[in-house]
Amino acid sequence: MPDWKDKLALVAQRNRQEIVNAKLSRREMMRLGLLTSTGALVAKSGLSSRAFAQVPLTPPSPISTPWMQPMPVLPIKAPLSPNALTHGHPDGTTLIDGAGRRINHQLCAYDSTGTYSGKFPPKKFYETFVREADWKFHPSWGPSKIWGFDGMYPGPRYNAYYGEPIMVRFHNRLPSRAKHVGFGLPEFSVHLHNAHTPSESDGNPVDFINSVNDPNEVNPLGFKDQHYPNVYAGYTKLNDLRGDPSEALSSLWYHDHTIDFTAQNVYKGMVGVYTLFDDKDTGDETTGYRLPSGEFDVPIMFGDFVFDRNYQPVFDLFNSDGILGDKFCANGAIQPYFNVKPRRYRFRLYNHGPARWYDFALYDGQKFLPFWQISSDGNLLPQALMKSKVDVAVAERVDIIVDFGKIQSSRVYLVNRLEQLDGRGPRGNILTPGTPIIQFNKVGPPVRDNSIDPMVTPLRMRTLPDPDFAALLARAERAKKRTFRFDRTNGAWAVNGKLFDPKEAIARIDQEAEEVWTIENQDDGWSHPVHMHFEEHRILSRNGKRTSVTSSDYGRKDTIPLYRREAVEVFMRFRDMKGRYVMHCHNVIHEDSGMMVRWDIV
C-alpha cells in the first residue's frame, strides 16, 4: 500500500499538471504565489513535494518488465515525386519568423519553366506529417499520447547522400492551440543537427510554423519546405560546389527547436534520425571504408521519461535544472531486446535528452566487453579506437562497431554506468554494472560479413581537415577571440549574463572568417552540453590543457560537454552561407529558460 509520502507526491504531480493544462504564464504563476522570484516552484504542500524534504519530487512510473519487446528498427523514409507532394510541388520559397514571412531559399530556386535551379537544386523530395498519435512504450501498458514525425517516436530515418540535395516538406497536423491540453506547443521548427544548412532551413527557434488547425494568412495550409544541400563545408573557397570531403558528416538527427518550448516538444516525441553517406562511408560494406551496412547499420535513439498512472509522459514544467526519467527507452521501447547475428554491427548511438548523460558499456553478466568507437558526434574519426565504454552527453552521438562473432556469450547488455541524480548533470560516479537498457540476444548461425575486422586490419577513415594540430594552433593564434560564459543570472539560465533575445545578434561574423571561442562554465553546480549550429568545430584545449590525440575531444565536434568549472577553447569556421544561427545549452530546459545566443554570418 502506498504511504502518505507517495500519496502526497501524487497529489503534487496532479496539481502541477493542472497548472500546465491551464497554460498559465510564468508571470501569472508568480502573481498567484506559485513561483518564487527566482522562478522556482514554491515549497507548498499539495503542489511541491519539496514542502517535505523526504518526499520524492515525482511519483515513480508504472512497473514495466524488461526484455518483453523487440527494439523497433527505424523505417527508412521514401522519396516522392515533387508533384506528388500534398499541396503540390515546392515553389522555391519557405517560411520564417513564426510563419509570418515567406522568403526565397538561398541555394535553390523554382522557375517559370517548372524546373529547379540555383547552386544546389533538390534532386529528391520528401514529406512528413507531424501529428498526435498513440504510442506503446511497453506491451503491458496502455497507449501514451505523443507528438511524432509521421506519428512515430522516434520519427523515420532519412538516408541522404552527399551531392544529392533534398527538399523536405514538414506538415503541422498537431491540434489547435485553442483545444490542446497538456504540455507542449502545437507549433514547431525543425532543426537538422548539425547539418551545413542555409539559415532559413536550419530550424531557427523563431522560425516555427502554425498547425493546419490554426491557419493564418501567410501559411493557411500549415506546412514548411526545408532545403538540405548535402554539401561538404568549404565549397565557396574551393569554388567547386563540392567542398572538402574531410568535412563529411555521418550520423545526424532532427528535432523540434521552437523558442521556449523545445524541451516540451522533444520530450513529447519530436525527434528523428538523418544519416549521410558518400563515396567513403557508402552504406555498402563491400565498398569504401567497408563499415557494417544494411540491416547491420542500426541507429538507436535514447530517451528517459517519467509516466503517470495512466501511462502518459509527465513533463514537470517547474523543474528548472533538467528532467530525468525513471524509464529508459531505446527507439521508443522501454528496455527492449534486440536479436543479433554472430557478425559485426554498426550501432549509431543518439542521446536526445532532455537532461540525461550516459556512459555506455557492454556487459555479459560477468565482465565488460571491448568494442570499437568510429565516430564522435557522428563524424568519423581518423581511425577506429578500441574502447570499453563511451561517454555521450545530451545531443552527442557516437558510432560503435560490435563484433558479436567474437563474443562468447549468447546474451549481452548495453548498460548505462553513469550515475546522475538530478538534471544538473553527472558528478562522475561510475556504477557497476550500471542500468541495463538493451538486451542483445545472439541467435542463428554465422552469416556473411563483408565489413572490415578492425582487429585484423586497422580501420582508417576520415583525415581531419587540419591534421597538423600544431599548425591549427598557430592558425588559431591569428584568429579573432570571443568568450561566452554559461552561467546563472538572478536564478535564470544565461549566456554572458543575458537571457536569449531573438532580435539581438551578439556577433556579426564575416563569411569565411575563422575565430576562437572560449566557452566557460564558472559554476560548480551544473554541467552544460553546449551546441553550436551550422558547422563543426575543433576543441583546442580544456582548462588550459591542449587536446591530445587520445582524448575524446580530439576530432570534429558540434557539441561540447562543458563540465563544472571548466573553460573550453574551440576553433570555429563560418563558411559558404549567410544568415542567423544560434548557440545554446542542449539541456533543453536550460535553453528554453534563456541559455541561448544568436549570431549572424554576414
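Coordinates for the structure precede this section.
Residues numbered from 1 in each chain as written. Predicted model: local features only at pLDDT ≥ 70, side-chain atom pairs only at ≥ 80, totals over all residues. Heavy atoms only, no water.

A few words on the environment of Asn 265. Structurally, the position occupied by Asn 265 is in helix H4 (residues 262-267). The residues touching Asn 265, leaving out its near neighbours within four places in the chain, are Trp 147, Gly 184, Leu 185, Glu 187, Asp 256, Thr 258 and Met 270. At a separation of 3.0 Å, a polar atom in the side chain of Asn 265 contacts the main-chain amide nitrogen of Leu 185. At 3.1 Å, the side chain of Asn 265 and the backbone oxygen of Glu 187 are in polar contact. (Helix = DSSP H or I, 4+ residues; strand = E, 2+ residues; numbered from the N terminus. Contact = heavy atoms within 4.5 Å. Polar contact = N/O pair within 3.5 Å; in protein donor to acceptor, adjacent residues only side chain to side chain.)

Now for the sheet that holds strand S11 (residues 251-256). Working definition: the strands of a sheet are paired by backbone hydrogen bonds and lie parallel or antiparallel to each other. Spatially, the four strands line up as an open sheet ordered S7-S12-S11-S9, and their pairing is mixed. The open sheet terminates on both sides in strands that have one partner only, identified here as strand S7 (157-161) and strand S9 (190-193). Averaged over neighbouring strand pairs, the angle between their axes works out to 25° when direction is ignored. Across four bridges, S9 lies against S11 in antiparallel orientation. When the sheet's bridge partners are listed, Leu 192 is paired in S11 with Tyr 254. (Pairing = 2+ DSSP bridges. Axes fitted to C-alpha atoms, helices over the stretch in contact; angles between N-to-C directions.)

Bringing the packing of aromatic side chains into the picture now. Under the defined criterion, the tally for this structure stands at 45 aromatic pairs. Between the aromatic rings of Phe 338 and Phe 440, the centroid separation amounts to 6.4 Å while the plane-to-plane angle is 80°, which identifies the pairing as edge-to-face. In this pair, Phe 338 is assigned in strand S16 (residues 337-340) and Phe 440 in strand S25 (residues 430-442), connecting sequence segments 102 residues apart. When the centroid spacing of 5.5 Å and the interplanar angle of 55° are considered together, the rings of Phe 404 and Phe 440 count as tilted. Residue Phe 404 is found in the loop between strand S23 (397-403) and strand S24 (411-418), and its partner Phe 440 is found in strand S25; the two are separated by 36 residues along the sequence. As far as burial versus exposure is concerned, Phe 404 and Phe 440 are alike and both buried. An aromatic cluster of three or more residues is present, and its members are Phe 137, Trp 141, Tyr 153, Phe 183, Tyr 267, Phe 305, Phe 307, Tyr 311 and Phe 315. Over the face of the ring belonging to Phe 296 we find Arg 343, whose NZ or CZ atom lies 3.7 Å from the ring centre. (Phe/Tyr/Trp six-rings, centres within 6.5 Å; stacked < 30°, edge-to-face > 60°. Buried < 20%, exposed > 50% of the residue type's maximum accessible area, 1.4 Å probe, protein only. Lys NZ or Arg CZ within 6 Å of the ring centre and 35° of its normal.)

All right, on to the side chain of Asp 364 then. Along the polypeptide, Asp 364 turns up in the loop between strand S18 (358-363) and strand S19 (368-369). Its relative accessible area of 13% is what places Asp 364 among the buried residues. At 2.8 Å, the side chain of Asp 364 forms a polar contact with the side chain of Lys 367. Side chain to side chain, Asp 364 and Ser 409 meet in a polar contact 3.2 Å long. Setting aside anything within four residues of it in sequence, one finds Asp 364 in contact with Leu 369, Ser 409, Arg 411 and Val 412.

Most of S18 sits out of view: six of its six residues are buried. Alternating positions in S18 separate into two faces, Tyr 358, Phe 360 and Leu 362 on one and Asp 359, Ala 361 and Tyr 363 on the other, with burial throughout. Of the pairings in the sheet, the one linking S18 to strand S22 (residues 390-392) comprises three bridges and is antiparallel in character. Across the sheet, the residue bridging to Tyr 358 is Val 392, located in S22.

The next subject is the pairing of strand S37 (residues 596-601). Walk down a regular strand and you will see the side chains alternate between the two sheet faces. Among the six residues that make up S37, six are buried, leaving the element largely enclosed by the rest of the structure. The side-chain alternation of S37 yields two buried faces, one formed by Met 596, Arg 598 and Asp 600 and the other by Val 597, Trp 599 and Ile 601. The pairing of strand S28 (residues 505-509) with S37 spans four bridges and is parallel. Among the inter-strand pairings, Ala 507 is bridged to a residue of S37, identified as Trp 599.

Ordered in space as S28-S37-S36-S30-S34, the five strands form an open sheet in which the pairing is mixed. Only two strands of the sheet have a single neighbouring strand rather than two, namely S28 and strand S34 (559-562). Mean inter-strand twist for the sheet, computed between neighbouring axes without regard to direction, equals 20°.

Tallying each qualifying case throughout the model produces 47 salt bridges. Here Lys 145 ties to Asp 134 by a salt bridge, and the two come within 3.0 Å at their closest N and O atoms. Separated by 11 residues along the polypeptide, Lys 145 in strand S6 (residues 144-149) and Asp 134 in strand S5 (residues 124-135) bring together distant segments of the chain. Close ionic contact of Asp 449 with Arg 343 constitutes a salt bridge, the shortest N to O distance being 3.2 Å. Of this pair, Asp 449 sits in the loop between S25 and helix H5 (469-477) while Arg 343 is found in the loop between S16 and strand S17 (344-351), placing the two residues 106 residues apart along the sequence. Here the salt bridges share partners, and the residues they tie into one network are Glu 247, Asp 466, Arg 475, Glu 514, Glu 535, Arg 556, Arg 573 and Arg 575. (Salt bridge = Lys/Arg side-chain N within 4 Å of Asp/Glu carboxyl O.)

On their own, these measurements won't tell you what the molecule is for.
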